[in-house]
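# Summary of structural features
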Amino acid sequence: QVQFVESGGGLVQPGGSLRLACAASASIFRFYTMGWYRQAPGKQRELVAAITSGGSTNYADSVKGRFTISRDNAKKTVDLQMNSLTYEDTAVYHCSDADSAWRPRRVYWGQGTQVTVSS
């Protein structure tokens, strides 16, 4: 079983920034592709950003140039730096290990961390 704990969400004004953190329990974390996903009310969960064990990244078109994903294999953490936030970024954010097609492998999603962009 892999455990994930997300943190760093909050209320921010448009144009503001937040940094999300994901802490994982897996002993083989360094071999995982990791992703950040988000889900707004009434909408499907979508990929925001992902990073492979080798450091290659993949971003949703809507966040390219604004968000940056990074990982620290020693600490078993994955961060998401979010800049220039817009109302459309409002969602619950989760992290998960991912397969080769960037799909999340997580089954139980838990609470995640809420990001609310509001003026």
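Scroll up to find the structure.
Residues numbered from 1 in each chain as written. Predicted model: local features only at pLDDT ≥ 70, side-chain atom pairs only at ≥ 80, totals over all residues. Heavy atoms only, no water.

### A few points about the nonpolar core
Here is the rule: As used here, the term nonpolar core means buried Ala, Val, Leu, Ile, Met, Phe, Trp, Tyr and Cys residues forming a set that is joined through side-chain atoms within 4.5 Å. Throughout this description, buried means an accessible area under 20% of the type-specific maximum (1.4 Å probe, protein chains only), exposed means over 50%, and partly exposed covers the range between. Any two residues whose heavy atoms approach within 4.5 Å at even a single point are treated as in contact.
In this structure, Trp36, Leu80, Met82 and Tyr93 are the most contacted members of the largest nonpolar core, which totals 29 residues. Those residues in contact with Tyr93 that lie beyond four places of it in its chain are Glu6, Leu20, Trp36, Tyr37, Arg38, Val48, Phe67, Leu80, Met82, Gly112, Thr113 and Val115.

### A few points about the pattern of salt bridges
Note the threshold: Salt bridges are defined as contacts in which a side-chain nitrogen from Lys or Arg sits within 4 Å of a carboxyl oxygen from Asp or Glu.
In total, this model carries seven salt bridges according to the counting rule given. Here the salt bridges share partners, and the residues they tie into one network are Arg38, Glu46, Arg66 and Asp89.

### Overview of the packing of aromatic side chains
Let me state the cut-off plainly: The criterion for an aromatic pair is that two Phe, Tyr or Trp rings (for Trp, the six-membered ring) have centres within 6.5 Å, with stacked assigned to planes under 30 degrees apart, edge-to-face to planes over 60 apart and tilted to the rest. Going along the chain from the N terminus, every DSSP run of H or I of four or more residues is numbered as a helix, and every run of E of two or more is numbered as a strand. Whether a charge lies above a ring is judged from NZ of Lys or CZ of Arg, which has to be within 6 Å of the ring centre and within 35 degrees of the ring normal.
Applying the stated criterion to the full structure yields one aromatic pair. Relative to Trp109, the ring of Tyr37 has its centre 6.1 Å away and its plane inclined at 75 degrees; by these criteria the two rings are edge-to-face. Pair noted here: Tyr37 is in strand S4 (residues 33-39) and Trp109 is in the loop between strand S9 (91-98) and strand S10 (113-117), with a separation of 72 residues, a long-range link. As far as the burial class goes, Tyr37 and Trp109 line up, both buried. Above the plane of the ring of Trp109 lies Arg45, whose end atom (NZ or CZ) is 3.8 Å from the centre.

### A look at the side chain of Thr113
Our working rule: Polar contact is the term for a pair of N or O atoms within 3.5 Å; when the atoms are in protein, one must be able to donate a hydrogen and the other to accept it, and sequence-neighboring residues count only if both atoms are side-chain atoms.
Here Thr113 shows up in strand S10. From its side chain, Thr113 meets the backbone nitrogen of Gly9 in a polar contact 2.9 Å long. Those residues in contact with Thr113, other than ones at most four positions away along the chain, are Glu6, Ser7, Gly8, Gly9, Leu20, Ala91, Val92 and Tyr93.

### Section: the state of the cysteines
Quick note on the threshold: Throughout, a disulfide means two cysteine sulfur atoms within 2.5 Å of one another.
The full count for this structure, using the stated rule, is one disulfide. Here Cys22 connects covalently by a disulfide to Cys95, the sulfurs 1.9 Å from one another. Since a negative S-S torsion denotes a left-handed disulfide, the Cys22-Cys95 link at about 65 degrees is right-handed. Here Cys95 lies in strand S9 and Cys22 lies in strand S3 (residues 18-24), a separation of 73 residues in the sequence. With respect to class, Cys22 is no different from Cys95; both count as buried.

### Examining the layout of surface pockets
Rule in force here: Here a cavity is any set of points on a 1 Å grid over the protein atoms alone where a 1.4 Å probe fits but cannot get out, and a pocket is any open set with protein on both sides within 12 Å along at least 5 of 7 lines; a residue lines the site when it has an atom within 4 Å of a point. Grid points are joined across faces, edges and corners, and a volume is the space filled by probe spheres set on the points. In this count, Pro and Cys sit with the nonpolar residues alongside Ala, Val, Leu, Ile, Met, Phe, Trp and Tyr, while Asp, Glu, Lys and Arg are called charged and the others, Gly among them, polar.
Roughly 300 Å³ of internal volume is contained in the largest pocket. Taken together, 15 residues line the largest pocket, and the ones lying closest to its centre are Val2, Gln3, Phe4, Arg106 and Tyr108. The leading source of residues in the lining of the largest pocket is strand S1 (residues 4-7), at three residues. Of the residues that constitute the lining of the largest pocket, the class distribution is six nonpolar, five polar and four charged.

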